[in-house]
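Working through the structure, step by step
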Amino acid sequence: MMLEGGAQIVDEEVILEALFAAHEAMQPIFAMQEELQRRAGKPKREFAVKERDAALLKAVEKSIGDSIEKALATKGKKERSAAVYAVSDKVVAELAEKFPDRAKEIVDACDYPRPHPRTDGDP
Amino acid sequence: MYEKLEIDFAGRKLSLETGRLAKQAHGSVLATYGDTVVLATAVSQYEARPNMDFLPLTVDYVEKTFAAGKIPGGFFKREGRASEKEVLTSRLIDRAMRPLFPKGYDRETQIITTVLSADRDNDSDMLSLIAASAALLVSDIPHKGPVASVRMGRVEGKSSSIRLRLNSKAAMYLSSSRPVPSRS
């Protein structure tokens, strides 16, 4: 487990002690919630996870080669993003013939999140 | 199916009940601590929207004035947008719950906690997180809970006497007992 935080008034040990004390204090609340689930919980629903197309993944991997490593080593945050986007753009262009109309999936397969407008209504 | 569980927590009764309110939700729990009451409900769509590549999760913590026994009147007849406390508590619950959904789960999901009664002594934020976790746990929504939360404080300046309360009065007591930084 790793924790990160800051405190100005008390020592690290006090915070650590508080964390352990808090964790211990929570145990009855966990037990209570689990008991409630045992008594009144519904069975969990099944859901299918969308599988990624293995052929597409393989093609993307081959097309990227070691160019992504170089792009990720670029100095500067904006420059790095631009370099990686350039790689995924290149991959999309290369695979456009083999996998038409699947640009979004190809970009996703590159595993480097690109900003898109938020639609989840997070406060 | 009505179930109610009760424990003694830091000197007050903490209870969780389900099966009485909000029965149309996929999971709902009424949590009580002292005289503070919070209703948490969880619902989730059965099918994902097309082209969904993230988890559309909405978490809201709502404080209505009726929880304090008041109805807005006069110039402000309506309750406006969410207060800072509501937004921050919503985020607190969101950040605790979001990572525990199974990987690849992309059905639209809403967790709403409403403060039904506020007793001015026991803060409803920690209770809301516990209620939200319990509501997800009893629902059929896949989630790797449970989650719990407590508010910690340091009493009388001794770390050995760290005590725990969900209670805001204890927190106030703490802030008055903490050492004052020297001015020299």
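Everything discussed here concerns the structure shown above.
Residues numbered from 1 in each chain as written. Chains lettered and ligands numbered in written order. Predicted model: local features only at pLDDT ≥ 70, side-chain atom pairs only at ≥ 80, totals over all residues. Heavy atoms only, no water.

What follows concerns the overall build of chain B. When helices and strands are tallied, chain B shows 3 helices and 8 strands. Listed by position from the N terminus, the elements making up chain B come as β-β-β-β-β-α-β-α-β-β-α. With an accessible surface of roughly 9800 Å², chain B has 53% of that area assigned to carbon and sulfur atoms. (Helix = DSSP H or I, 4+ residues; strand = E, 2+ residues; numbered from the N terminus. Areas by Shrake-Rupley, 256 points an atom, 1.4 Å probe, with all protein chains shown as cover.)

With that settled, consider a negative patch on the surface. Residue and element names in this part refer to chain A. Where like charges cluster on the molecular surface, the negative patch consists of D11, E12, E13 and E17. Considering the arrangement of structural elements, one finds E12 in helix α1 (residues 12-40). Classification of E12 by relative accessible area gives exposed; the value is 70%. (Patch = residues over 30% accessible without salt bridge, like charges linked within 9 Å, V, L, I, M, F, W, Y side chains within 5 Å. Salt bridge = Lys/Arg side-chain N within 4 Å of Asp/Glu carboxyl O. Lys, Arg positive; Asp, Glu negative; His and termini not counted. Charge placed at Lys NZ, Arg CZ, Asp CG, Glu CD. Buried < 20%, exposed > 50% of the residue type's maximum accessible area, 1.4 Å probe, protein only.)

Let's shift gears to helix α2 (residues 54-64) of chain A. All names here are of chain A. Listed in full, the buried residues belonging to α2 are L56, A59, V60, S63 and I64. The buried residues of α2 occupy one face: seen down the axis, they fall within an arc of 130°. The outward face of α2, more than 90 degrees from its buried face, is lined by the exposed residues A54, K58, E61 and K62. Looking at the packing, one finds that the buried side of α2 touches α3 (67-72), α4 (77-95) and α5 (103-109). Just beyond α2, the residue with positive phi is G65, at close to 60°. (Arc of directions from axis to C-beta. Contact = heavy atoms within 4.5 Å.)

The next subject is the interface of chain B and chain A. Counting from both sides, the interface comprises 60 residues of chain B and, opposite them, 35 residues of chain A. Between chain B and chain A, roughly 4000 Å² of surface is buried when both sides are summed, and carbon and sulfur atoms account for 64% of that area. Taken together, chain B and chain A are joined by 2 salt bridges. D140 of chain B is the salt-bridge partner of R45 of chain A, the closest N and O atoms lying 3.1 Å from each other. Linking chain B to chain A there are 17 residue pairs in polar contact (both at pLDDT 80 or more). When contributions to the side of chain B that touches chain A are tallied by element, the ones reaching two or more residues are β1 (3-9), β2 (12-18), β3 (27-33), β5 (57-63), α1 (84-97) and α2 (124-138) of chain B. Tallied by class, residues from the side of chain B that touches chain A come to 31 nonpolar, 15 polar and 14 charged. (Buried area = accessible area lost by both parts, 1.4 Å probe. Polar contact = N/O pair within 3.5 Å; in protein donor to acceptor, adjacent residues only side chain to side chain. Nonpolar A, V, L, I, M, F, W, Y, C, P; charged D, E, K, R; others polar.)

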